[in-house]
Each structure stands twice: as structure tokens, then as C-alpha cells.
Amino acid sequence: MTKKHYTATAIGVVWILLTAYVVVGGYNSLVRFDQQVQAQWAQVENVYQRRADLVPNLVETVKGAAKFERETLTAVTEARARVGQLTPMQAPDEEGLKRFEGTQAALSGALSRLLVVSERYPELKATANFRDLQVQLEGTENRIAVERMRFNEAARDFNTARNAFPTVLVARLFARFHDKAYFEAQPTATAAPVVKF
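What you are looking at is a predicted structure, and each value in this text was computed from that prediction instead of being measured.

S.K.: Go over the overall build of the protein with me, naming the residues and quoting the values.
M.R.: The helix and strand inventory of the protein stands at six helices and zero strands. The secondary structure elements of the protein, listed N-terminal to C-terminal, are α-α-α-α-α-α. Here the protein, with 197 residues, has 35% of them falling under the buried criterion. Here the analysis covers contacts within the protein between residues at least 6 apart in sequence; of these, 79% occur between residues at least 24 apart. Counting only carbon and sulfur atoms, one obtains 58% of the accessible surface of the protein, whose full area is about 12700 Å².

S.K.: Which residues make up a nonpolar patch on the surface, and what values go with them?
M.R.: Among the surface-exposed residues, Trp-15, Ile-16, Leu-18, Tyr-21 and Val-22 lie close enough to one another that they form a single nonpolar patch of about 590 Å² accessible area. Mapped onto the secondary structure, Leu-18 falls in helix H1 (residues 3-65). Given the relative accessible area of 45%, Leu-18 is considered partly exposed.

S.K.: Residues and numbers for the packing of aromatic side chains, please.
M.R.: All told, the structure shown has eight aromatic pairs when counted by the stated rule. An angle of 80° between the planes, with centres 5.1 Å apart, marks the rings of Tyr-48 and Phe-100 as edge-to-face. With Tyr-48 in helix H1 and Phe-100 in helix H3 (residues 94-118), this residue pair connects regions lying 52 residues apart in the sequence. The two residues Tyr-48 and Phe-100 agree in class, both being buried. Taken together, Trp-41, Tyr-48, Phe-100, Phe-151 and Phe-183 form an aromatic cluster joined through their ring pairs. The ring of Phe-33 has Arg-32 lying over it, and the distance from NZ or CZ to the ring centre is 5.1 Å. The lysine or arginine in question, Lys-180, covers the ring of Phe-158, its NZ or CZ lying 4.8 Å from the ring centre.

S.K.: Tell me about the side chain of Asp-34, residues and numbers included.
M.R.: Relative to the elements of secondary structure, Asp-34 occurs in helix H1. By relative accessible area, Asp-34 is classed as buried at 7%. Not counting residues within four places of it along the chain, the set of residues in contact with Asp-34 comprises Phe-158, Arg-176, Phe-177 and Lys-180.

S.K.: Summarise the packing of H3 against helix H5 (residues 128-163); cite the residues concerned and give the values.
M.R.: Their axes nearest at 13 Å, the elements H3 and H5 cross at an angle of 150°. Classed by the angle they form, the pair H3 and H5 counts as roughly antiparallel. Judged by the sense of rotation from one axis to the other, the crossing of H3 with H5 is left-handed. Touching Glu-101, Ser-108, Leu-111, Leu-115 and Ser-118 of H3 are Phe-130, Gln-134, Leu-137, Glu-141 and Arg-148, all from H5.

S.K.: Before we move on, could you go through unusual backbone geometry and cite the residues and values that matter?
M.R.: Note the cis peptide between Phe-165 and Pro-166, where omega equals 5°. Counting through the fold element by element, Pro-166 comes out in the loop between H5 and helix H6 (167-173).

S.K.: How would you summarise the confidence of the model for the protein if you had to cite specific residues and measurements?
M.R.: For residues with low pLDDT, the predicted coordinates do not support detailed interpretation. Of the residues in the protein, 86% reach a pLDDT of 70 or more, and the chain-wide mean stands at 82. Across the protein, element-level confidence peaks in H6 with a mean pLDDT of 90 and bottoms out in helix H4 (residues 122-125) with 66. Across residues 192-197, confidence stays below pLDDT 50; counting only partners more than four residues off in sequence or on other chains, it has zero contacts.

S.K.: So what's going on with the pattern of salt bridges? Which residues, and what values?
M.R.: For the structure shown, the criterion picks out ten salt bridges. Arg-148 is paired through a salt bridge with Glu-101; the nearest N and O atoms lie 3.0 Å apart. Residue Arg-148 is located in helix H5, and its partner Glu-101 is located in helix H3; the two are separated by 47 residues in the primary sequence. With its nearest N and O atoms 3.3 Å apart, the salt bridge here joins Glu-147 to Arg-150. Linking Glu-147 with Arg-150, this pair stays in helix H5, spanning three residues, or about one helical turn. Looking at Arg-150, the relative accessible area reads 41%, which means it is partly exposed. A network of salt bridges, in which partner residues are shared, links Asp-34, Arg-176 and Lys-180.

Reading the values: the criteria
Residues numbered from 1 in each chain as written. Predicted model: local features only at pLDDT ≥ 70, side-chain atom pairs only at ≥ 80, totals over all residues. Heavy atoms only, no water. Helix = DSSP H or I, 4+ residues; strand = E, 2+ residues; numbered from the N terminus. Buried < 20%, exposed > 50% of the residue type's maximum accessible area, 1.4 Å probe, protein only. Contact = heavy atoms within 4.5 Å. Areas by Shrake-Rupley, 256 points an atom, 1.4 Å probe, with all protein chains shown as cover. Patch = residues over 30% accessible without salt bridge, like charges linked within 9 Å, V, L, I, M, F, W, Y side chains within 5 Å. Salt bridge = Lys/Arg side-chain N within 4 Å of Asp/Glu carboxyl O. Phe/Tyr/Trp six-rings, centres within 6.5 Å; stacked < 30°, edge-to-face > 60°. Lys NZ or Arg CZ within 6 Å of the ring centre and 35° of its normal. Axes fitted to C-alpha atoms, helices over the stretch in contact; angles between N-to-C directions. Parallel < 35°, antiparallel > 145°, perpendicular 65-115°, else oblique. Left-handed = near helix turned anticlockwise from the far one by under 90°. pLDDT = per-residue confidence, 0-100.

Encoded structure:
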């Protein structure tokens with residue numbers, strides 16, 4: 001072999017090694033970011049489950065303390081049942097996230113109505129169990145907001161890494177790496193709440 005052949009072979013080997021390094025590095029990077037999104041999604045489900053677990057206690061406390069509006073309790077119980085029917089999923093696509101959000105929003109709305117209607121019952125507001133549950137529920141809602149924010153951050157990091165060059169080329173080689181969906185505000189979130197006394 002001549003010197004040109006050795007040079008061409010060396011350049012070819014370097015090119016193959018460099019390409020392999022980019023593909024393997026990009027793949028491993030996507031796997032790491034994907035796992036971060038999956039872990040954060042599990043945490044989102046965890047705090048939503050915490051809220052769902054508090055609901056039966058809240059309903060029973062309210063039932064025991066007041067002759068309560070049956071339709072409000074029924075709405076809460078039914079919304080809680082729908083949440084219980086959600087099957088655990090990996091970080092969902094956009095459609096799955098919207099279904100999840102819709103079910104959780106229905107429970108949030110029912111709980112809000114429950115807390116508003118409970119204001120009519122001073123003896124209920126005075127019970128320690130109700131106050132404790134209300135505080136836990138408020139804390140859980142804050143945790144949900146934090147975990148949703150962290151999920152969006154993990155999804156953003158994944159999407160950024162996935163769509164950056166040269167990783168975008170690697171992502172196209174492997175069908176499992178799709179952009180992650182984000183939690184978004186409900187359409188009614190921009191409307192100012194109406195306060196009546």
C-alpha cells in the first residue's frame with residue numbers, strides 16, 4: 001500500500017469513529033433526557049394521586065359534619081372515580097396529556113365547588129378534621145403546580161437536546177425519540193375570578 005492509501009484509510013477510520021461517537025453520544029444523551037422526563041412525569045402522577053387519596057377523607061368529613069348538597073358530593077365522588085380510572089402512562093404525548101388534564105381539571109372544579117359550598121356550614125369549617133384536610137389539599141395543589149413546572153422544564157430540556165444539531169439526526173434514526181408535550185394553562189385560566197360576598 002502506498003502512503004496515499006494509508007492516509008485515505010486513516011481518514012476513513014477517523015470518520016467512522018467520529019460518526020460512531022456522535023451517534024452513540026447523541027443516543028445516550030437522548031436516553032438520559034428521556035429518563036428525566038419519565039421520572040418527572042412519575043412525580044406529577046404521584047402528587048395527583050396524593051390529591052385523589054385526600055378526596056375520600058374530605059368527602060367523609062363533609063358528609064359527617066353537615067347535611068350537604070348531594071349533587072356537589074356526587075360531582076366530587078364521580079370526578080374522583082374518573083381520576084381513579086386513569087391508567088398510569090409514560091410521559092404522555094400531547095393528546096394523552098390533554099385527556100389527563102381534562103380529567104384532573106374536572107376533579108379540581110368539583111373540589112373548588114365543594115370548598116365554596118362548605119363555607120355555608122360554620123360548624124364544618126370549625127372542625128379540626130376539615131381544616132386539616134383543607135390545608136393538606138391546598139398544599140397538594142401547590143405541589144402539583146411545582147411538579148408540573150418541573151415536568152415542563154424536563155420536557156423543554158429533552159426537546160432542546162432532541163432538536164439540536166447533530167442530535168436531531170440521531171433522533172430521526174430512532175423512532176422512540178419524539179418531542180415531549182407540555183402542560184399548558186386551561187383556557188379559562190386567563191379570566192379573572194368573580195368574587196361575591
